[in-house]
Amino acid sequence: MIESRAVVITKPGGPEVLEVQTRSVRDPGPGEVRVAIEAAGLNRADTLQRRGAYPAPPGAPADVPGLEFAGRIESLGAPILGDWKVGDPVMGIVGGGGMGQHVVLHERELLRVPEGMSLTDAAAIPEVFLTAYDALFLQAELAMGEVALVHAIASGIGTAALQLNAAAGVTTIGTSRSEAKLARCAELGLEHAVHTADGLFAAKVQEIAGGAQVVLDTVGAKYLNENLKALRLQGRMVTIGLVGGIKAEANLALILRKRLCWRGSVLRARPLEEKAALIQRFSTEILPLFAAGRLRPVIDEVLPMKDASEAHARMDASETFGKLVLSWSQ
């Protein structure tokens, strides 16, 4: 057991409820590693957890947010089956606790940091790239030559999805309520931008491409029926976020007539075996693209971990382009 600092949610509320406190972190058990964290990416789920709207799953710290991290292996439990060594640079996803200085997790949940990449850059990869890869290519079975509609294209998940689609030969239609953010996404290779200040986009998607085969929905209720209108015959939609509400009336006739498939997906509460399988596949198919320069994390700013409240306030205000990363060394 060691003593370690962590960003702590002292009570449900606004960004001001966050404090850096000392917490005890246990030693790793069989098949586990303890990682000394250098940096952690901030995600929308962290702000929801801070408000009390998205509690951590069983086994994860209830009061320490953070779903992704990058750092170095500090100690190994015995036995360890993988080729891991103390000092190895690693990154990964966790159910919570990523905003601490240390985290203990199973070795099969680790990802190697791409060669030549800093730990602060690596901290912006796991949650958004794993989520986008899983939702688009494993859940929705997106294929080369198809068209994908991606909402909140300037977010961390949006910029990850845009790059993954380009690498796979997929055309992306991206939406945002900010014209300035859409212009920046064009620099990342966005082919078709749709400004959604009025919440309407289906007609534009149909005009651009005759509809989309796949929708990556990060909004939820507010966009439900527009999403259904935007899909082509036998289209697929995967909902991974609910910032636009959790309840809506759906046009069931449209779902039947178009023979649509609609799924929900979340990574945080998945069991170890499912996470390990996803990480193995991601390591084989996607990680090499970072080393080759075809993918990169899009980071708005790196802030000191002590400024977690400021980072949360910026995310609450939707001021960011790409990811915010918090670092212990700044």
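Residues numbered from 1 in each chain as written. Predicted model: local features only at pLDDT ≥ 70, side-chain atom pairs only at ≥ 80, totals over all residues. Heavy atoms only, no water.

Adjacent strands of a sheet form backbone hydrogen bonds with each other and so pair up, either parallel or antiparallel. Strand order in the open sheet formed by six strands is 10-9-8-11-12-13, with parallel pairing between adjacent strands. Because the sheet does not close on itself, it has two edges, and the strands there are strand 10 (192-195) and strand 13 (261-264). Across the sheet, the mean angle from the axis of one strand to that of its neighbour is 15°, orientation sign disregarded. Seen against the sheet, helix 4 (residues 156-167) touches strand 8 (147-150), strand 9 (171-176) and strand 11 (212-217) and runs at an angle of roughly 170° to strand 8. (Pairing = 2+ DSSP bridges. Helix = DSSP H or I, 4+ residues; strand = E, 2+ residues; numbered from the N terminus. Axes fitted to C-alpha atoms, helices over the stretch in contact; angles between N-to-C directions. Contact = heavy atoms within 4.5 Å.)

Turning our eyes to something else, we now look at the environment of Ile255. Structurally, the position occupied by Ile255 is in helix 8 (residues 252-258). With a relative accessible area of 19%, Ile255 lands in the buried category. Once the C-alpha coordinates of Ile255 and Lys229 are considered, the two residues, 26 residues apart in sequence, prove to be 9.2 Å apart. Other than its neighbours up to four places away in sequence, Ile255 contacts Leu228 and Leu260. (Buried < 20%, exposed > 50% of the residue type's maximum accessible area, 1.4 Å probe, protein only.)

Take the nonpolar core next. Met91, Phe129, Leu130, Leu164, Phe282, Ile286 and Phe290 are the most contacted members of the largest nonpolar core, which has 50 residues in total. For this core, the element with the highest residue contribution is helix 3 (residues 126-139), accounting for eight residues. If sequence neighbours within four positions are ignored, Phe290 has contacts with Pro114, Met117, Ile125, Phe129, Phe282, Leu295, Arg296 and Pro297. (Core = buried A, V, L, I, M, F, W, Y, C linked by side-chain atoms within 4.5 Å.)

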